[in-house]
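The primary structure of each chain is shown beneath.
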Amino acid sequence: MVAPGNGLKVLVCGASIAGPTVGYWLTEYGFDVEIVERSSEVRGGGYPIDLRGSAMDVAERMGMSEALREAHLDIGKLTLFDGQGETVLSVNPEQFSGGSRGHDVEVPRGDLAKLLYDRTRDRCTYYFNDHVIALNDRGGEVEVEFASGRRGCYAYVIGADGLHSATRQFIFGDEAAFIRHLGFFFVGFTLPNDFGLDREQQVFSTVGRMAGLSSVRGRERITALLTMALDAMPTSDERDPDVQRERFRALFSQDKWHIPRLLEALDQADDLYLDTVSQIRMPSWSKGRIALVGDAAYAPSFVTGQGSSLALIGAYVLAGELSRHAEDPQAAFAAYDAEYRPFAEANQNLVGKGWQFIPADVESERQRNERLRSSGLPAAPAEQKRAIHNGIKIKDYHADS
Ligand SMILES: Cc1cc2nc3c(=O)[nH]c(=O)nc-3n(C[C@H](O)[C@H](O)[C@H](O)COP(=O)(O)OP(=O)(O)OC[C@H]3O[C@@H](n4cnc5c(N)ncnc54)[C@H](O)[C@@H]3O)c2cc1C
């Protein structure tokens, strides 16, 4: 058990979802938390993200349920279109995602990050526009050097710095050993909502490519996501936004539906977010006094829709186990792993459940569309997903401390 104000200093790298959440709970248990964020402010934007199942229990314990319900996008209709732009199927999104209407929420990613920042700005010390350039775990403490020239010593360092985590790179080396490329590359951006969409998602999916539109209730803009099948990880040159714009333009050039309008918007967008669709799979999430949380440790990819839920719950569990074993990093991180790994991996394994995301060839597209048109969406995958979203019991670490 840890007394309030235990005086142990923790450095958290990254101020998006996992970082502020772990900061919130560590300060709740008496740790002294600094959060360093590479950007100049909490990053806004991003595609709508979901908080489902057990993640809502953590949100409730943080007093965020009401604000999340207010921000909830409440998307009521999801329509799949084929390569000719013809409707294949129109469903309630929960029939596909396994979400629970009335319990789960879908909010713009930036709104969730902002909400978490507001919950923690008075209890954690934030440093924006800075990042770690050297970490030295001396056994009893970790010495840290920052790009700004600051230095510090911490009892623990937590990497909550996302899919391409620099903290992970410091302690475990190159990401190539841990990143699992799922065979897709995506670009997300926003554009004016001149489609008349209201609380609606539309997906155009055909051989090798897919485009998604998501309306954001009460807003004038909508988010777009273009995705292409890609066998190999792109090289760093290929990650250049201009190179990718050109690739997407070429791939979708013959398509109808809303594609010409989307390609025009892609050219004009100044808020592009592009990356491979990848997971992080690691045999261990910690070394010495340094641990990883959220996408840095177990990114599931947006195909699962569980990235933010995993980040939120993982941060809660990590902080809880640190509060139980505050002086014993090995015990704390082993307990974090034991408690969380089955849930994290079950959620990562959600990839591929549901309709075929991007058909590999003309015949599989034809079969998928025919099956969905004649029989609709089977109920079993959504039920399995729902069970997995709820597959961890949120412990009450307060009661133990
Ligand atoms: C701007 C943005 C847009 C996104 N859009 C989508 C999307 O469209 N679809 C989707 O499925 N997922 C998206 N994601 C990812 C999704 O939000 C994650 O699954 C989820 O947010 C996991 O949260 P996280 O806190 O672990 O990591 P992230 O949300 O990735 O946050 C990592 C944070 O660490 C910061 N950071 C990075 N490197 C360092 C460093 N060296 N030092 C300090 N800070 C650092 C980043 O600026 C960021 O604030 C997006 C993430 C971001 C940051």
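- You'll find the chain entered in an unreviewed UniProt entry as FAD-dependent oxidoreductase, with Rhizorhabdus dicambivorans given as the organism.

**Details of the sheet that holds strand β10 (residues 151-154)**
Then step 1. What the three strands build is an open sheet, ordered β8-β9-β10; its pairing is antiparallel. In this open sheet, the two strands that pair with only one neighbour each are β8 (132-137) and β10. Across the sheet, the mean angle separating the axes of adjacent strands is 20 degrees when strand polarity is ignored.
Then step 2. Where strand β9 (residues 142-146) meets β10, four bridges bridge the pair, whose relative direction is antiparallel. The residue bridging Val144 from the neighbouring strand is Gly152, located in β10.

**Regarding the site of the ligand**
Then step 1. The ligand sits among 25 residues. The nearest are Ser16, Ala18, Glu37, Tyr47 and Phe302.
Then step 2. The backbone of Ala18 places a nitrogen or oxygen atom 2.9 Å from an oxygen atom of the ligand.
Then step 3. Here an oxygen atom of the ligand sits 2.6 Å away from a polar atom, N or O, in the side chain of Glu37.
Then step 4. For the ligand, whose unbound accessible area comes to 920 Å², protein coverage reaches 90%.

**Some details on the sheet that holds strand β16 (residues 273-280)**
Then step 1. Pairing is mixed in the open sheet, where seven strands are placed in the order β5-β4-β13-β14-β15-β12-β16. Edge strands, defined here as strands with exactly one partner in the open sheet, are β5 (87-91) and β16. Taken over all neighbouring pairs, the strand axes of this sheet differ in orientation by 20 degrees on average, direction set aside.
Then step 2. Pairing geometry for strand β14 (residues 209-215) and strand β15 (residues 221-229), over seven bridges, is antiparallel. Bridging across to β15, Arg209 finds its partner in Met228.
Then step 3. Here helix α8 (residues 259-268) sits on the sheet and contacts β12 (179-192), β13 (200-206), β14 and β15; the angle it forms with β12, its principal contact strand, is near 90 degrees.

**Thoughts on the side chain of Ser308**
Then step 1. In this structure, Ser308 sits in helix α10 (residues 307-324).
Then step 2. By relative accessible area, which is 9% here, Ser308 ends up buried.
Then step 3. Not counting residues within four places of it along the chain, the set of residues in contact with Ser308 comprises Ile17, Ile49, Asp50, Leu51 and Leu112.

**As for the nonpolar core**
Generally speaking, soluble globular proteins have nonpolar side chains that are buried together.
Then step 1. In terms of nonpolar packing, the biggest core is built from 70 residues, with Phe31, Leu68 and Tyr340 touching the most fellow members.
Then step 2. Ranked by residues supplied to this core, first place goes to α10 with ten residues.
Then step 3. Those residues in contact with Leu68 that sit more than four places away from it in its chain are Leu51, Met56, Ala59, Val105, Val107, Leu112 and Leu115.
Then step 4. If you look at the next biggest cluster of nonpolar residues, it comprises 24 residues, including Leu191, Leu197, Phe252 and Trp257.

**Some words on the pattern of salt bridges**
Then step 1. Enumeration according to the criterion identifies 30 salt bridges in this entry.
Then step 2. In this structure, Asp74 engages Arg199 in a salt bridge whose closest nitrogen and oxygen atoms are separated by 3.7 Å. Of the two residues, Asp74 sits in the loop between α3 (65-71) and β4 (77-81) while Arg199 sits in the loop between β12 and β13, which places them 125 residues apart along the sequence.
Then step 3. Note that Arg324 is salt-bridged to Glu321, the shortest N-O span being 4.0 Å.

**Points about the pairing of β9**
Then step 1. Residues Val142, Val144 and Phe146 point to one face of β9 and are all buried, whereas Glu143 and Glu145, pointing to the other face, are not buried.
Then step 2. Two strands pair when backbone bridges link them, and β8 and β9 are joined in this way by five bridges, in the antiparallel orientation. Each residue of the ladder has a partner; that of Asp137, found in β9, is Val142.
Then step 3. Linking two consecutive strands that pair antiparallel, namely β8 and β9, is a turn of four residues; a positive phi of about 95 degrees is found at Gly139 within it.
Then step 4. From the end of β9 to the start of β10, which pair antiparallel, there are four residues, and Gly149 there has a positive phi angle of about 100 degrees.

Analysis parameters
Residues numbered from 1 in each chain as written. Predicted model: local features only at pLDDT ≥ 70, side-chain atom pairs only at ≥ 80, totals over all residues. Heavy atoms only, no water. Pairing = 2+ DSSP bridges. Helix = DSSP H or I, 4+ residues; strand = E, 2+ residues; numbered from the N terminus. Axes fitted to C-alpha atoms, helices over the stretch in contact; angles between N-to-C directions. Near = heavy atom within 4 Å. Polar contact = N/O pair within 3.5 Å; in protein donor to acceptor, adjacent residues only side chain to side chain. Areas by Shrake-Rupley, 256 points an atom, 1.4 Å probe, with all protein chains shown as cover. Contact = heavy atoms within 4.5 Å. Buried < 20%, exposed > 50% of the residue type's maximum accessible area, 1.4 Å probe, protein only. Core = buried A, V, L, I, M, F, W, Y, C linked by side-chain atoms within 4.5 Å. Salt bridge = Lys/Arg side-chain N within 4 Å of Asp/Glu carboxyl O.

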